[in-house]
Amino acid sequence: MIDNFSIALTHGLLLIAAWRLVHRDDLDVEAPPEPDEAPGGFSKQSSDNGSRPDA
């Protein structure tokens with residue numbers, strides 16, 4: 001009897017906690033990321049574009 005009660009109690013509390021988390025208003029709201037000021041990495045455009053003058 002005690003075993004069934006303790007399992008039902010813990011599972012019930014977990015269910016209540018999950019229910020409250022799922023129904024939070026701020027759970028699905030995320031601020032958009034800030035845009036980069038200057039691109040970096042492979043997409044970075046250099047001033048000379050890596051070209052060499054023909055000699």
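You'll find the structure just up there.
Treat the numbers as computed from the prediction; the structure is a model and nothing was measured. For every chain, the first residue of its written sequence is number 1, and the numbers climb from 1 along that sequence. pLDDT decides what is reported in this predicted model: residues at 70 or higher carry local features, side-chain atom pairs at 80 or more are listed and counted, and totals for whole chains, interfaces and linings draw on all residues regardless. Side-chain numbers come from the whole structure's heavy atoms, not from hydrogens or water.

### Brief notes about the overall build of the protein chain
So, step 1. Secondary structure elements follow DSSP: runs of H or I no shorter than four residues count as helices, runs of E no shorter than two count as strands, and numbering proceeds from the N terminus. Helix and strand content of the protein chain: one helix and zero strands.
So, step 2. Within the protein chain, the fraction of its 55 residues that count as buried is 0%.
So, step 3. Residue-level accessible areas treat just the shown protein chains as cover; the underlying method is Shrake-Rupley with a 1.4 Å probe. Just so you have it, the protein chain exposes about 6,100 Å², and 60% of that area is on carbon and sulfur atoms. Only protein chains enter the area calculation, which uses a 1.4 Å probe; residues under 20% of their type maximum are buried, those over 50% are exposed, and those in between are partly exposed.

### A word on a nonpolar patch on the surface
So, step 1. Taken together, the side chains of Phe5, Leu9, Leu13 and Ile16 present a nonpolar region at the surface, about 410 Å² in accessible area.
So, step 2. Within the secondary structure layout, Ile16 lies in helix H1 (residues 2–22).
So, step 3. Here Ile16 falls in the partly exposed class, since its relative accessible area comes to 49%. Note that patches include only residues with greater than 30% relative accessible area and no salt bridge, and the join distances are 9 Å for like charges and 5 Å for nonpolar side chains (Val, Leu, Ile, Met, Phe, Trp, Tyr). By definition here, a salt bridge exists when the distance from a side-chain nitrogen of Lys or Arg to a carboxyl oxygen of Asp or Glu is within 4 Å.

### Observations concerning H1
So, step 1. Expected span of a helix, by definition, is 1.5 Å for each gap between consecutive residues, and there is one gap fewer than residues. End to end, H1 covers 30 Å across 21 residues, agreeing with the expected 30 Å (1.5 Å per residue, within 8%).
So, step 2. Of all 21 residues in H1, zero are buried; the element is thus mostly exposed.

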